[in-house]
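Residues per chain, in single letters:
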Amino acid sequence: QVQLVESGGDLVQPGGSLRLSCTASRTYAIFRLNDMAWYRQAPGKQRELIAGLTMAGTTNYADSVKGRFTTFRDNAKNTMYLQMNALKSEDTAVYYCNSLRGRFDWGQGTQVTVSS
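What you are looking at is a predicted structure, and each value in this text was computed from that prediction instead of being measured.

Undergrad: How would you summarise the state of the cysteines if you had to cite specific residues and measurements?
TA: Summed over all chains, the structure comprises one disulfide. For Cys 22, the disulfide goes to Cys 97, at an S-S distance of 1.9 Å. Looking along the S-S bond of the Cys 22-Cys 97 disulfide, the torsion reads about 75 degrees, which is the right-handed sense. Of the two residues, Cys 22 sits in strand 3 (residues 18-24) while Cys 97 sits in strand 9 (residues 93-99), which places them 75 residues apart along the sequence. Of the two residues, Cys 22 and Cys 97, neither departs from the other in class, the shared state being buried.

See the structure below:
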């Protein structure tokens, strides 16, 4: 089973930046074999899709993060990244990575808290 591990979450001030990492447990380049995505879930709310990264390298972003977040990958390291800039309190959530279709098991996620 493919396992994805998210990391990099932290407590940051509004306007700050953070880079999240999503690492695959397999040696093959799953980020080249699957359309991938970043999701987040705030307390008491449903998980939402915020960024997509296709096998072809095309990116898509939810309106709430467009212009502030960027996702990219390093295939050699089996790692996908989410660069988060100009963070807002509304970005506070647990962040997850998965395929664009959610085919893999959901991991623990990584907590991002934006607060002054």
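Undergrad: Explain the sheet that holds strand 2 (residues 11-12) to me, and be specific about the residues and the numbers.
TA: Within a beta sheet, neighbouring strands are joined by backbone hydrogen bonds and run either parallel or antiparallel to one another. With mixed pairing, the six strands of this open sheet are ordered in space as 2-10-9-4-5-6. The open sheet terminates on both sides in strands that have one partner only, identified here as strand 2 and strand 6 (59-61). Pairing geometry for strand 4 (residues 36-41) and strand 9, over six bridges, is antiparallel. Each residue of the ladder has a partner; that of Gln 41, found in strand 9, is Val 94.

Undergrad: Can you explain the environment of Asn 60? Please cite residues and give values.
TA: By the element assignment, Asn 60 lies in strand 6. Among the residues examined, Asn 60 registers a relative accessible area of 48% and is labelled partly exposed. Separated by 49 residues in sequence, Asn 60 and Gly 109 have C-alpha atoms that sit 20 Å apart. Not counting the four nearest positions on each side in its chain, Asn 60 is found in contact with Ile 50, Ala 51 and Gly 52.

What counts and how
- Residues numbered from 1 in each chain as written.
- Predicted model: local features only at pLDDT ≥ 70, side-chain atom pairs only at ≥ 80, totals over all residues.
- Heavy atoms only, no water.
- Disulfide = S-S within 2.5 Å.
- Helix = DSSP H or I, 4+ residues; strand = E, 2+ residues; numbered from the N terminus.
- Buried < 20%, exposed > 50% of the residue type's maximum accessible area, 1.4 Å probe, protein only.
- Pairing = 2+ DSSP bridges.
- Contact = heavy atoms within 4.5 Å.

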